[in-house]
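A look at the structure
Chain by chain, the residues run as shown.
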Amino acid sequence: MRIVDIREKTVSIASPIANAYIDFSKMTCSVVAVITDVIRDGKPVIGYGFNSNGRYGQGALMRDRFLSRVTEADPDTLVDHENNNLDPFAIWKTLMTNEKPGGHGERSVAVGTIDMAVWDAVAKIEGKPLYRLLADRYRNGVADDKVWVYAAGGYYYPGKDQTKLKAEMQSYLDRGYDVVKMKIGAVPLDEDIRRIEAVLEVVGDGRRLAVDANGRFDLETGIAYAEAIKKYNLFWYEEVGDPLDYALQAELANHYELPMATGENLFSHQDARNLLRHGGMRPDRDFLQFDCALSYGLVEYMRTLKVMEDMGWSSRRVVPHGGHQMSLNIAAGLHLGGNESYPDVFQPFGGFADGIKVENSYVGLPDIPGVGFEAKSALYAVMRELGEG
Ligand SMILES: O=C([O-])CC(=O)C(=O)O
Ligand SMILES: [Mg+2]
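The structure presented is a predicted model; accordingly, all values stated were derived computationally and were not measured.

Residue P348 is bonded to the preceding Q347 through a cis peptide linkage, with omega at 5°. Relative to the helices and strands, P348 resides in the loop between strand 12 (339-341) and strand 13 (362-364). A positive phi angle, close to 35°, is found at E239, a residue other than glycine. Looking at where E239 falls in the secondary structure, it is placed in the loop between strand 9 (236-238) and helix 8 (246-252). Positive phi, normally seen in glycine, also occurs at N360, with a value near 50°. As for its placement among the helices and strands, N360 is situated in the loop between strand 12 and strand 13. Of the residues examined, N360 has 9 C-beta atoms within 10 Å and is grouped as exposed.

Structure follows, in structure tokens:
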């Protein structure tokens, strides 16, 4: 059993949307295919992955060093003989050969994307949906059969007035979501307050609205927003300041008692540990948003979950960033609190399997081997072209 080839293609996910920090006019995404010599249903098993959204494609790093480490390794060292499968942990170790610790920048995205494709292949070789495999191996066979999801959108874009913002949010409610998320921080506070109040007219209750500042605010601005939005009792106040400014996050907790969320731009278990040590995050109400695709993949994610456990955090406090099916599988298989969903943005990468409806803000997973990409036809078309083309 061996990996015979790993391919990467960088595709555009450009769109005119913007958050408080970046616009997505030049945004790209890496798609990866891990091609094995294992035959299922008369065809080689191919695992697929992509790098979530927001951090650009990583083809250069992959081609410069990561792909050849795997394809040039002795295939036998990458096999899990006990399960007669590929070994994602051995592959991860091989990927990280001669990499120093610290500085978890873009390489964590490159490794996370390859790791996603490896797990997709492993679940296909085992003939199970990935979330079932994870539950069987790591949670005594107990999986969640549906996952709580919220609809993320509410971006800034040219010509988007409150009527359009409200219509967008209404359409998420119409599609079965109970909680929606919108961007803040790209316009002055009073204008954001008007946007928030417009969305509250649609969702009815602050508990059904989360806001995301995408790391834009300094402490003073973060506190000013905190004071201004307190009265709405929002679902959460997300990524207020720089993701690595743990002192800012800790100070905010002295000014805002309601739930906060952060972590999508922390890329390792060491960074996650620093957030929990120094960021003043509260395990009884706050949410953690680590995204496996950006942070060295599921092998590393398991270390992050262990750090959380050791520090008294329930895995149910994690609601990953990224709105992708990999995190949906991790949420169902390893008992997270839910997952982000992008019903409209970042297509064809956003959203879940075709034909599985969101009901009361919960979504199920398709009963097919792997992550489930084959059940999302627009995405699978892109992947298949890479893997089989
Ligand atoms: O706008 C983005 O980069 C995505 C984001 O923060 C989120 O989904 O929470
Ligand atoms: Mg965010």
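Right, picking up where we left off after that structure.
Below, the discussion takes up the site of ligand 1. Around ligand 1 lies a shell formed by N19, G54, A152, D212, N214, E264, H321 and E340. Looking at side-chain class alone, the shell around ligand 1 contains one nonpolar, four polar and three charged residues.

With that settled, the discussion passes to the packing of helix 4 (residues 130-138) against helix 11 (residues 325-334). Interhelical geometry of helix 4 versus helix 11 gives an angle of 35° and a closest axis separation of 8 Å. Judged by the twist between their axes, the crossing of helix 4 over helix 11 is right-handed. Facing L130, Y131, R132, L134, A135 and Y138 of helix 4, the residues of helix 11 in contact are N329, I330, A332, G333 and L334. Here the contact of helix 4 with helix 11 is composed, by residue class, of eight nonpolar, two polar and one charged.

With that out of the way, let us pick up the sheet that holds strand 2 (residues 28-40). In space, the three strands of this open sheet follow the order 1-2-3, with antiparallel pairing throughout. Of all the strands in the sheet, just strand 1 (3-12) and strand 3 (43-50) have a single pairing partner and so form its edges. Looking at each pair of strands side by side, their axes are set apart by 25° on average, direction ignored. Here seven bridges tie strand 2 to strand 3, and the two strands are oriented antiparallel to one another.

On average, residues of the chain score 97 in pLDDT, and 100% of them are at 70 or above. The ipTM, which scores confidence in the relative placement of chains, is 0.99 for this predicted complex, and the corresponding pTM is 0.97.

Let us now look at the UniProt feature "domain: Mandelate racemase/muconate lactonizing enzyme C-terminal" (unreviewed entry) in the chain. UniProt feature "domain: Mandelate racemase/muconate lactonizing enzyme C-terminal" (unreviewed entry): in the numbering of this structure it lies at residues 162-259. Across residues 162-259, helical content stands at 47% and strand content at 11%; the span's end C-alpha atoms are separated by 26 Å.

As annotated in UniProt, the feature "binding site: substrate" (unreviewed entry) corresponds to N19, N53, K100, Y155, K181, E238, E264 and H321 in the numbering used here. An extended arrangement is adopted by the annotated residues: their sequence extent is 303 residues, and the largest C-alpha distance between any two is 37.1 Å. Checked against the element boundaries, N19 lands in the loop between strand 1 and strand 2. For N19, a count of 21 C-beta atoms within 10 Å puts it in the buried group.

Two elements in contact, helix 9 (residues 269-278) and helix 10 (residues 297-310), have axes whose closest approach is 9 Å; the angle formed by their N-to-C orientations is 20°. By the angle between their axes, helix 9 is roughly parallel relative to helix 10. Handedness of the crossing formed by helix 9 with helix 10: right-handed. Of the residues in helix 10, those in contact with H269, A272, R273 and L276 of helix 9 are E300, R303, T304, V307 and M308.

Bringing the nonpolar core into the picture now. In this structure, V34, I114 and V180 are the most contacted members of the largest nonpolar core, which totals 119 residues. Per-element tally for this core: the top contributor is helix 3 (residues 107-126), with 12 residues. Here this core spans two domains, and each of domain 1 (3-127) and domain 2 (138-388) adds at least three residues to it. Non-local contacts of V34, meaning those with residues more than four positions away in its chain, are made with I3, I6, I46, G47, A117, V118 and A121.

Another aspect to go through is the domain arrangement of the chain. The parts lose accessible area when they come together, and the size of an interface is often stated as this lost area. One can read the domain layout of the chain as domain 1 (3-127) and domain 2 (138-388). Placing the centre of domain 1 and that of domain 2 at their C-alpha centroids yields a distance of 23 Å. Each partner contributes to the interface: domain 1 provides 38 residues, whereas domain 2 provides 38 residues. Elements supplying a minimum of two residues to the side of domain 1 that touches domain 2: strand 1, strand 2, strand 3, helix 2 (88-95) and helix 3. Top element by residues in the side of domain 1 that touches domain 2 is helix 3. It accounts for 11 residues. Looking at side-chain class alone, the side of domain 1 that touches domain 2 contains 22 nonpolar, 10 polar and six charged residues.

Thresholds applied
Residues numbered from 1 in each chain as written. Chains lettered and ligands numbered in written order. Predicted model: local features only at pLDDT ≥ 70, side-chain atom pairs only at ≥ 80, totals over all residues. Helix = DSSP H or I, 4+ residues; strand = E, 2+ residues; numbered from the N terminus. Buried ≥ 20, exposed ≤ 12 C-beta atoms within 10 Å, placed from the backbone. Near = placed C-beta within 6 Å. Nonpolar A, V, L, I, M, F, W, Y, C, P; charged D, E, K, R; others polar. Axes fitted to C-alpha atoms, helices over the stretch in contact; angles between N-to-C directions. Left-handed = near helix turned anticlockwise from the far one by under 90°. Contact = placed C-beta atoms within 7 Å. Pairing = 2+ DSSP bridges. pLDDT = per-residue confidence, 0-100. UniProt positions renumbered as here; feature names shortened; annotations may be inferred. Parallel < 35°, antiparallel > 145°, perpendicular 65-115°, else oblique. Core = buried A, V, L, I, M, F, W, Y, C linked by C-beta atoms within 7 Å. Domains from an automatic or database assignment.

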